[in-house]
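Take a look at the letters that make up each chain.
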Amino acid sequence: MLALKILIVEDDNVSALLLKKALEKNHHEIMGIAATGEEALDIMEEVSVELVMMDINLGGELDGIKTTEIINEKFDIPVVYLTASSDEETLQKIAGTNPSAYVIKPFNIRELNMMIELAIFKDKKEKELQKLNNELEEKVRQRTADLNEANKGLKKALEKEREIGELKSKIVQNVSHGFKTPLTSILSSAQLLQIYSEKDHPMKGKLMKHSRKIENSVRNLNNLLTSVLFFGKADANKIDYKPSRFFTAAFFNEVIDVVKANNDKDVTLETSFQDVPKTLKSDTDLLYQVFENLLSNAVKYSKNKGKVLFSVAVKDDMMIAKIEDDGIGIPEKEQSQLFDRFFRAKNVGITEGSGLGLSIVKKCIEVLKGEITVESKAGKGSTFTVNIPIN
Ligand SMILES: Nc1ncnc2c1ncn2[C@@H]1O[C@H](COP(=O)(O)OP(=O)(O)OP(=O)(O)O)[C@@H](O)[C@H]1O
Ligand SMILES: [Mg+2]
């Protein structure tokens, strides 16, 4: 058994001496005997003590429990209580001070030793636990700090990415707008050239051919810019659903006229409208983009003298439209990429295009809260089906 430096706090002289003897017999060193709590605290300021044997009922201002509270706070060493009363109230008070053990008087030596050993063991374990706890807290603190640091870095990176994104879309918007004005003036000049060339001119044929070329190229460029501008807006989440009531026939006629005007392959465009009310409510800008793109694709990717069937039906607040062609079709392997930006299938040959039309369609359908599906077979044709809620 290890020898300890012990302070006895006991106001009954005889009991104190008996205890001293018993402890010394077990090789402990008695550092002093204090009759009051105050005296005990004074002694502990002077000499180092490893364990205190504390009587509960002391004479002075401080009883054993209050003295123990101060010792707990100031010295952090185990205290073993000596008590003559083991009533519930005393036990409660003792428990409140987290004693290491307590001995009920009168004690026998075996019991005393056991309690001292228990006290030291408990104190040791508590200190180990405290140390582990401190280490754990330190680890948690460190981890939290690391996480906060990582979070800050992430926030900064996101902010930077957002700034770059904004800058990019500003550049795209500005450059595209910048292109539009000169393109418009080139276009009108080309149209003028065509008008002049219709009058008698020795180079009439060439003038006509080249002015048509200019006009076509400018139209293509213009379409491309419109698409780029559209995506600038879409990426900034600035495409809103703006519904209005419109005349159904007038709307579809306009789309069909535009598509027909660009039909240079002698493709027949058949239409079928079933149960379509005179007026509908939806966002006509978005609808226009959807049908113009799908119909011009159907015509564009048709074979010469091909046939395109455009059917529209309205059923329970839902518009179901089908665009069917018997053209080149889309190879099965490539169909999953169909709505990706800039995607063009391998079988397009010399047919021109930027690969943006269908991604615009997809975005518009998304804003319209609709759905689009496609069925296609290479060499046979394609059918695009669109479902759009209307009100
Ligand atoms: N009806 C169709 N028949 C066959 N292939 C089609 C059809 N519609 C689309 N595709 C294929 O999907 C690709 C993407 O179509 P999308 O409309 O996005 O671009 P594009 O027509 O090439 O160019 P643009 O941006 O001028 O519309 C086309 O290049 C073509 O390969
Ligand atoms: Mg297209």
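Conventions we followed
- Residues numbered from 1 in each chain as written.
- Chains lettered and ligands numbered in written order.
- Predicted model: local features only at pLDDT ≥ 70, side-chain atom pairs only at ≥ 80, totals over all residues.
- Heavy atoms only, no water.
- Pairing = 2+ DSSP bridges.
- Helix = DSSP H or I, 4+ residues; strand = E, 2+ residues; numbered from the N terminus.
- Axes fitted to C-alpha atoms, helices over the stretch in contact; angles between N-to-C directions.
- UniProt positions renumbered as here; feature names shortened; annotations may be inferred.
- Near = heavy atom within 4 Å.
- Polar contact = N/O pair within 3.5 Å; in protein donor to acceptor, adjacent residues only side chain to side chain.
- Areas by Shrake-Rupley, 256 points an atom, 1.4 Å probe, with all protein chains shown as cover.
- Buried < 20%, exposed > 50% of the residue type's maximum accessible area, 1.4 Å probe, protein only.
- Domains from an automatic or database assignment.
- Arc of directions from axis to C-beta.
- Contact = heavy atoms within 4.5 Å.
- Left-handed = near helix turned anticlockwise from the far one by under 90°.
- Nonpolar A, V, L, I, M, F, W, Y, C, P; charged D, E, K, R; others polar.
- Parallel < 35°, antiparallel > 145°, perpendicular 65-115°, else oblique.
- Salt bridge = Lys/Arg side-chain N within 4 Å of Asp/Glu carboxyl O.

1. Notes on the sheet that holds strand S5 (residues 101-104)
- Taken in spatial order, the five strands make up an open sheet running S2-S1-S3-S4-S5, and their pairing is parallel. Each having just a single partner strand, strand S2 (29-34) and S5 make up the two edges of the open sheet. Strand after strand, the sheet turns through a mean of 20° between neighbouring axes, direction not considered.
- For strand S3 (residues 51-55) and strand S4 (residues 79-83), the ladder comprises four bridges, and the chain directions are parallel. Across the sheet, residue Val 52 finds its bridge partner in S4, namely Val 79.

2. A word on the UniProt feature "coiled-coil region" (unreviewed entry) in the protein chain
- The residues that UniProt annotates with the feature "coiled-coil region" (unreviewed entry) are residues 115-153.
- The straight-line gap between the two end C-alpha atoms of residues 115-153 is 56 Å; of that span, 100% is helix and 0% is strand.

3. Remarks on the site of ligand 1
- Around ligand 1 sit 21 residues in total, of which Asn 297, Arg 344, Ala 345, Ser 354 and Leu 358 are the nearest.
- Backbone polar atom of Ala 345 to an oxygen atom of ligand 1: 2.8 Å apart, as the coordinates give it.
- In the environment of ligand 1, an oxygen atom lies 2.7 Å from a nitrogen or oxygen atom belonging to the backbone of Leu 358.
- In isolation ligand 1 offers 590 Å² of accessible surface; the protein chains occlude 94% of this area.
- For the shell around ligand 1, the elements supplying multiple residues, two or more each, are helix H8 (284-300), helix H9 (357-367) and strand S12 (381-389).

4. Some thoughts on unusual backbone geometry
- Of note, Asp 317 is a non-glycine position whose phi angle comes to about 60°, a positive value.
- Relative to the helices and strands, Asp 317 is located in the loop between strand S9 (307-315) and strand S10 (318-325).
- Owing to a relative accessible area of 55%, Asp 317 belongs among the exposed residues under this scheme.
- The backbone of Lys 369 shows a phi angle near 60°, a positive value even though the residue is not glycine.
- Looking at the secondary structure, you find Lys 369 in the loop between H9 and strand S11 (371-377).
- What makes Lys 369 exposed here is its relative accessible area of 68%.

5. Quick notes on the domain arrangement of the protein chain
- Along its sequence, the protein chain is carved into domain 1 (5-107), domain 2 (159-235) and domain 3 (244-389).
- Each of domain 1 and domain 2 has a C-alpha centre, and the two are 98 Å apart.

6. Describing helix H2 (residues 37-46)
- Buried residues of H2: Gly 37, Ala 40, Leu 41, Ile 43 and Met 44, and no others. Projected down its long axis, H2 carries its buried residues within an arc of 160°, all on one side. Those residues of H2 that are exposed and angled more than 90 degrees off the buried face are Asp 42 and Glu 46.
- Each element contacted by the buried residues of H2 is listed here: strand S1 (5-9), S2, S3 and helix H3 (64-74).

7. Details of the packing of helix H6 (residues 204-235) against H9
- Closest axis-to-axis distance for the H6/H9 pair is 11 Å, and the angle between their directions is 35°. Both H6 and H9 take part in a crossing whose hand is left-handed. Here Ser 227, Phe 230, Phe 231 and Ala 234 of H6 come into contact with H9, specifically with Ser 359, Ile 360, Lys 363 and Cys 364.
- Of the residues belonging to the contact of H6 with H9, the class tally is five nonpolar, two polar and one charged.

8. Points about the sheet that holds strand S7 (residues 268-274)
- The strand order across the open sheet formed by five strands is S7-S9-S10-S12-S11, and the pairing between neighbours is mixed. Each edge of the open sheet is held by one strand with a lone partner, namely S7 and S11. Within this sheet the neighbouring strands show an average axis-to-axis angle of 10°, counted without direction.
- As defined by bridge partners, S10 adjoins S12 across eight bridges and the pair is classed as antiparallel. In the strand pairing of S12, Met 319 is matched with Ile 388.
- The sheet contacts of helix H7 (residues 248-261) involve S7, S9 and S10, and relative to S7 the element is tilted by about 170°.

9. Examining the packing of H2 against H3
- As a packed pair, H2 and H3 sit with axes 10 Å apart at the nearest point and diverge in direction by 20°. By the criterion of interaxial angle, the relationship of H2 to H3 is roughly parallel. Handedness of the crossing formed by H2 with H3: right-handed. Along its contact with H2, which presents Gly 37, Leu 41, Met 44 and Glu 45, the element H3 presents Thr 67, Ile 70, Ile 71 and Lys 74.
- Looking at the contact of H2 with H3, its residues break down into four nonpolar, two polar and two charged.

10. Regarding the pattern of salt bridges
- Going through the model one piece at a time under the given rule, you end up with 14 salt bridges.
- For Glu 138, the salt bridge goes to Arg 141, with nearest N and O atoms at 2.9 Å. Of the two residues, Glu 138 and Arg 141 both sit in helix H5 (residues 109-198), three residues apart, roughly one turn of that helix.
- The partner of Glu 149 in a salt bridge is Lys 152, with the nearest N and O atoms 4.0 Å apart. With Glu 149 and Lys 152 both in helix H5, this residue pair falls three residues apart, about one helical turn. The burial state of Glu 149 is the same as that of Lys 152; both residues are exposed.

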